[in-house]
Amino acid sequence: MRAVCWYGTKDVRVENVPDPKILNPGDAIIKITSTAICGSDLHLYDGVIPSMKEGDILGHEFMGEVMEVGSAVKKLQVGDRVVVPFCISCGQCYYCNHQLWSLCDNTNPNAAINAKLNGFSGAGLFGYSHLYGGYAGGQAEYARVPFADVGPIKIPEGLTDEQVLFLSDIFPTGYMAAENCNIQPGQIVAIWGCGPVGQFAIRSAYLLGAEKVIAIDNVLERMAMAQQGGAAVVSSDEDVHEILKEMTGGRGPDACIDAVGMEAHGSTYDVVKQVVKLETDRPYVLRQAMRICRKGGTLSIPGVYAGFLDKIPLGAAFAKGLTFKMGQTHVHRYLEPLLRLVQDGKIDPTFVITHRVALDEAADAYEIFAKKTENCIKVVLKPHEQPPPALERRARELESLPSEEIAMELPRSKRLHEK
Amino acid sequence: MPTRTNHLPARPAVRSGTGKKIVKACTINKSPEELFRFWRRFENLPRISRHLVSVTEISDMKSHWVARSPADNTVEWDAVIINEHPNNLIAWESTPDSEIKNAGSVRFEPAPAGQGTEVTVSLEYVPPAGKLGAMIAKLYGEEPELQVEDDLNRFKALMETGEIPTTEGQPVGGDQKTTRRKRGAK
């Protein structure tokens, strides 16, 4: 089969590899009809996630048709159309029993090594380094899915791939980020990063009753998409701290979401330290959020952090009695409820897609996504579509919106800028 | 609880103060009875331990162990059960005539609030000294604690889910012989 393989920093290749086989009785083999590149795949692409090996198959957002099931699989049948959660969960351990699916005890074959780093290991993940099991990912024509009775959700008739594909990661991840804010009536949520997870976090925060969502980014098309989702937008190039204070009546946001993670831009100090390996992550956004969050507020972190952070103002967090919520998404917990939101028309997750390309063009797609060129926000790969979709930008309403106009719609930041 | 210590050897396999000891614990969401039953049949242990080739039960108390050693060789020894409390404790050690001196025990205690069973494994072996000592050291790898933890993780997964997580045999890109250069694992 064809698969997207990792070979090093900024080096992914689409190669012929052997087809996956059933290896354990709980496995299923899925023929992948749609799969996506995740923002967190860019951390792999940028080479900042440890324990990747050359030839590793990438991808953890995928769906498709069940081709084969192992002897212990009871709920799934050949022919079922399913979306697969990015984290692999056994369904039997303490953590699965407590709905903490991404912390599953039993799915990471390399758990002991992971525990040397983190104390204890989380669940195995598709296509996300050997510290998380080294499972072959879903940017491929086929994938092996362990514990197939536990994770994959069957998709009812009448829904397109693109309506449900993001149940695999970014929709639940944005939703959990908002849920972790414990939003009360009248509350204001500030979200750093208007990538796909940030976009879903904006919409989820409103679904969960936020009074106002403020989104922070500096990529115009992403800021425009955030605005379409109802967010007030602030440019990260401005004095975010002062602007957020002003926009919240001097209180600060009730909750802050860091949907950026370990490769934040804005601090040369962190870039240098990361390059020379004095620091593994660049926590620029995290610092900003910790400072501006209101007293007693909540900091929710869906953005990926993988190692050691420098100059974290824990004193500010302590002084204000902040609550921190973070971690890999417990995807399984959100599959049913979020599928219902899609079915009921409360949200149409296709809004985030900007590119649809053939699997063979994945290397180009990674580059476009990483460089944020061509207004790229979300790439969907179609491994089996014939003829294969060409790598071209989807005609979007966005294009008709001139960038100056978007910039003008940043009233407070603009005003401050002019002073 | 009945106790059987009738096969207790005259002197311990690993004299106190001479052995390297590894103790690891984990909590498994199963009853002590189920876990004890699996472990008491030593023949099951190669399923969870990568460095064991086979364990053959010679009698109720005595067993023959074959383990992997460097260069695809094997090392072998006999072990006897020296202490047993049903559903709670098994302790064994190599017989006095074995060249490989080692001992082990596993304890099963109910975990609080219905979380299953706390399993504590304790292994003791004579550290590297001469050829055989070096073999034993290799047996447990350069990081013996990691190996024992791996084995316990596999035991837990097998007991809780009926399978052991693996990626062995899955597809991977390129010709691994030529593409896995040194920079492969970062």
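Keep in mind it's a predicted model, so treat the numbers as computed, not measured.

Calculation criteria
- Residues numbered from 1 in each chain as written.
- Chains lettered and ligands numbered in written order.
- Predicted model: local features only at pLDDT ≥ 70, side-chain atom pairs only at ≥ 80, totals over all residues.
- Heavy atoms only, no water.
- pLDDT = per-residue confidence, 0-100.
- Contact = heavy atoms within 4.5 Å.
- Helix = DSSP H or I, 4+ residues; strand = E, 2+ residues; numbered from the N terminus.
- Buried < 20%, exposed > 50% of the residue type's maximum accessible area, 1.4 Å probe, protein only.
- Polar contact = N/O pair within 3.5 Å; in protein donor to acceptor, adjacent residues only side chain to side chain.
- Buried area = accessible area lost by both parts, 1.4 Å probe.
- Salt bridge = Lys/Arg side-chain N within 4 Å of Asp/Glu carboxyl O.
- Nonpolar A, V, L, I, M, F, W, Y, C, P; charged D, E, K, R; others polar.
- Axes fitted to C-alpha atoms, helices over the stretch in contact; angles between N-to-C directions.
- Parallel < 35°, antiparallel > 145°, perpendicular 65-115°, else oblique.
- Pairing = 2+ DSSP bridges.
- Core = buried A, V, L, I, M, F, W, Y, C linked by side-chain atoms within 4.5 Å.
- Domains from an automatic or database assignment.

**A look at the confidence of the model for chain A**
All names here are of chain A.
- Mean pLDDT over chain A: 92, with 93% of residues reaching 70 or higher.
- The low-confidence segment residues 393–400, where pLDDT is below 50, has 19 contacts with residues more than four positions distant or belonging to other chains.
- Note that residues 406–419 has pLDDT below 50 and, in this model, 20 contacts with residues that lie over four places away or in other chains.

**Section: the side chain of Lys24(B)**
All names here are of chain B.
- Within the secondary structure layout, lysine 24 lies in strand E1 (residues 20–28).
- Its relative accessible area of 17% is what places lysine 24 among the buried residues.
- Within the structure, the side chain of lysine 24 is placed 3.1 Å from the side chain of glutamate 149, a separation counted as a polar contact.
- Not counting chain neighbours up to four residues away, the residues in contact with lysine 24 comprise Val119, Thr120, Val121, Glu145, Val148, Glu149 and Leu152.

**A few points about the interface of chain B and chain A**
- Listed as interface residues are 31 residues of chain B and, on the opposing side, 47 residues of chain A.
- Counting each side, the surface lost to burial between chain B and chain A is near 3,000 Å², with a carbon and sulfur contribution of 50%.
- Our count for the contact surface shared by chain B and chain A stands at 1 salt bridge.
- Lys156(B) is the salt-bridge partner of Asp105(A), the closest N and O atoms lying 3.0 Å from each other.
- Summed over the shared surface of chain B and chain A, the result is 12 residue pairs in polar contact (both at pLDDT 80 or more).
- When contributions to the side of chain B that touches chain A are tallied by element, the ones reaching two or more residues are helix H4 (144–161) and helix H5 (176–179) of chain B.
- A per-element tally of the side of chain B that touches chain A places H4(B) first, with 8 residues.
- Looking at the side of chain B that touches chain A residue by residue, the class counts come to 7 nonpolar, 13 polar and 11 charged.

**So, the packing of helix H5 (residues 170–179) of chain A against helix H12 (residues 331–343) of chain A**
Residue and element names in this part refer to chain A.
- Put simply, H5 and H12 touch, their axes get as near as 10 Å, and they point 100 degrees apart. For the element pair H5 / H12, the angle class is roughly perpendicular. On H12, the residues that touch Phe171, Pro172, Tyr175, Met176 and Glu179 of H5 are Val331, Arg333, Tyr334, Leu338, Leu341 and Val342.
- Split into classes, the residues belonging to the contact of H5 with H12 amount to 9 nonpolar, no polar and 2 charged.

**Focus: unusual backbone geometry**
Residue and element names in this part refer to chain A.
- Cis geometry is adopted by the peptide bond preceding proline 387, which originates at glutamine 386 and carries an omega value of -10 degrees.
- Mapping proline 387 onto the fold places it in the loop between strand E18 (379–382) and strand E19 (392–393).
- In this structure, phenylalanine 147 is a non-glycine residue whose phi angle is positive, near 50 degrees.
- Mapped onto the elements, phenylalanine 147 comes out in the loop between strand E9 (142–145) and strand E10 (153–154).
- If you check the backbone angles, asparagine 375 has positive phi at about 55 degrees while not being a glycine.
- Its location among the elements puts asparagine 375 in the loop between helix H13 (362–371) and E18.

**Looking at the pairing of strand E5 (residues 61–69) of chain A**
- Pairing between strand E3 (residues 28–37) of chain A and E5(A): 8 bridges, direction antiparallel. Within E5(A), the position partnered with Ala36(A) by the bridge is Glu61(A).

**Examining H5(A)**
Residue and element names in this part refer to chain A.
- Within H5, 9 of the 10 residues are buried, which leaves the element mostly enclosed by the surrounding structure.
- By the burial criterion, the buried members of H5 are Ile170, Phe171, Pro172, Thr173, Gly174, Tyr175, Met176, Ala177 and Ala178.
- In this structure, the buried residues of H5 make contact with E5, helix H6 (196–207), strand E14 (255–258), strand E15 (298–301) and H12.

**Observations regarding the sheet that holds E15(A)**
All names here are of chain A.
- Spatially, the 6 strands line up as an open sheet ordered E13-E12-E11-E14-E15-E16, and their pairing is parallel. Pairing within the sheet leaves two strands with one partner each, and these edge strands are strand E13 (232–235) and strand E16 (323–326). Strand after strand, the sheet turns through a mean of 20 degrees between neighbouring axes, direction not considered.
- In this structure, E15 lies alongside E16, joined through 4 bridges in parallel fashion.

**Some points on the nonpolar core**
- If you look at the biggest cluster of nonpolar residues, it comprises 101 residues, and the most contacted ones within it are Phe166(A), Phe171(A) and Val352(A).
- The greatest single-element share of this core, amounting to 7 residues, is contributed by H12(A).
- When we break this core down by domain, the ones giving at least three residues each are domain 1 (2–169 + 329–388) and domain 2 (172–328 + 405–418) of chain A.
- Residues contacting Phe171(A), with those up to four places away along its chain left out, are Phe166(A), Phe200(A), Ser204(A), Leu338(A), Leu341(A), Val342(A), Ile347(A) and Pro349(A).
- Counting 34 residues, the second-largest nonpolar core is a separate cluster that includes Trp39(B), Trp65(B), Val119(B) and Ile164(B).

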